[in-house]
Amino acid sequence: MRSLTAEEYAEAFKSFLDHSTEHQCMDEFNKEEMPNIVAGLGNGKSTINVLGVGSGTGEQDLKMIRIMQAAHPGVLIDNEIIEPNPQHVAAYKELVNQAPDLQNVSFLWHQLTSLEYEQQVKEKGAHKKFDFIHMIQMLYRVEDIPNAIKFFHSCLDHHGKLLIIILSDSSGWASLWKKYRHCLPSTDSGHYITSNGITDVLKRLGVEYQVYEFPSGWDITECFIEGDPVGGRMMDFLTGTKNFLATAPPGLRRQLQEALRQPECSSKKDGRIIFSNNLSMIVVES
């Protein structure tokens, strides 16, 4: 067994997105809460500075930018992106090239990890401040999570906001990581962090925040079908391991499949097995 490469992770992640309501869940949040959240950004300035940390292929970024454009017509949006995966950066740039409605938006990509960006900023000694920073579903890949949150919070301008989207403690992931961690292989290089772990850090920092919970599901039915290629890719994503179903010891594979079926992880709907992928949207004040 071995861990996924960046390219394999991107492919496994796509199979997860294709079978989950992750993006629909974020759309719901965008529609219900984001207009209020971005209304006060920029404090009347002619430019709003935005930083995306681990922005991936950029779909969510552009949706949020369009909400900002609607809330602040005519204001320039200066959008910087930190994303280490070259495939993701290329896909994001392609998305921007195809978008006709981003005239007042500038883009600058940093193909770096969040830690590399932090080190670069500290070396330069110049600390650019941002009105809105978002870290969407990316803290699992960060080594020192409290430090990363503290650093990016320090990059906020007055009246700025930091948005962290992370798995909820009501999700199947939380149960899997707490109760069935022994079923996951050591090749899984991600960190098992959920909403409560983040709010603990924010409490220690003494900052104000608000948490919004949104339901989301992931159809993992194919993970139980022998030899199914989609199920194989989804299990690779779940375990962070290449060809998990083919290379894992049969006992471990069986244990994990049994854990995934437990009621605290998933539910049955119309004969399908739906893993709980509930998200917490945490909005932190500067």
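Rules of the game
- Residues numbered from 1 in each chain as written.
- Predicted model: local features only at pLDDT ≥ 70, side-chain atom pairs only at ≥ 80, totals over all residues.
- Heavy atoms only, no water.
- Helix = DSSP H or I, 4+ residues; strand = E, 2+ residues; numbered from the N terminus.
- Rg over C-alpha atoms; globule rule 2.2 N^0.38 Å.
- Buried < 20%, exposed > 50% of the residue type's maximum accessible area, 1.4 Å probe, protein only.
- Areas by Shrake-Rupley, 256 points an atom, 1.4 Å probe, with all protein chains shown as cover.
- Lys, Arg positive; Asp, Glu negative; His and termini not counted.
- Charge placed at Lys NZ, Arg CZ, Asp CG, Glu CD.
- 1 Å grid on protein atoms, 1.4 Å probe; cavity = no way out; pocket = protein on both sides within 12 Å on 5 of 7 lines; lining within 4 Å.
- Points joined across faces, edges and corners; volume = space filled by probe spheres on them.
- Salt bridge = Lys/Arg side-chain N within 4 Å of Asp/Glu carboxyl O.

Novice: What's the story with the overall build of the protein chain in this structure? I'm lost.
Specialist: On a plain count of helices and strands, the protein chain comes out with 12 helices and 10 strands. Over its C-alpha trace the protein chain gives a radius of gyration of 19 Å, about what one expects of a compact globule, namely 19 Å for 286 residues. By its C-alpha atoms, the protein chain is 60 × 45 × 40 Å across when sized along the principal axes. Among the 286 residues that make up the protein chain, the fraction classed as buried is 53%. Total accessible area computed for the protein chain in this model is approximately 13100 Å², and 51% of it derives from carbon and sulfur atoms. The protein chain carries 27 positive and 37 negative side-chain charges, and their two centres are separated by 3 Å.

Novice: What exactly am I supposed to notice about empty space enclosed by the protein here?
Specialist: Remark: the empty space left among the atoms is shown by a probe the size of a water molecule rolled over them. Within the structure shown, the criterion is met by one cavity of 30 Å³ or more. Quantified by volume, the largest cavity comes out at close to 50 Å³. Taken together, Leu-4, Glu-8, Glu-11, Ala-12, Arg-233, Asp-236 and Lys-242 make up the lining of the largest cavity. Within the residue set of the lining of the largest cavity, elements represented by two or more residues are helix 1 (6-19) and helix 10 (229-239). When residues in the lining of the largest cavity are grouped by element, the largest group, three residues, is from helix 1.

Novice: Where do I start with the pattern of salt bridges in this structure?
Specialist: Where side chains of opposite charge bring their charged atoms close, a pairing between them can arise. Scanning all chains against the criterion turns up 15 salt bridges. Residue Lys-45 pairs with Asp-131 through a salt bridge whose shortest N-O separation is 3.1 Å. Taken together, the residues span a long stretch of sequence, with Lys-45 in the loop between helix 3 (34-39) and strand 1 (47-53) and Asp-131 in strand 4 (residues 130-136) at a distance of 86 residues. On the basis of relative accessibility, which here comes to 34%, the residue Lys-45 falls in the partly exposed class. Here Glu-222 makes a salt bridge to Arg-272, at a shortest N to O gap of 3.0 Å. Placement of the pair is Glu-222 in the loop between strand 7 (217-219) and helix 10 and Arg-272 in strand 9 (residues 272-276), with a sequence separation of 50 residues. Given the relative accessible area of 16%, Glu-222 is considered buried. Put simply, Lys-45, Asp-131 and Asp-157 are held in one network by salt bridges that share partners.

Purely spatial values, then, with no claim about function.
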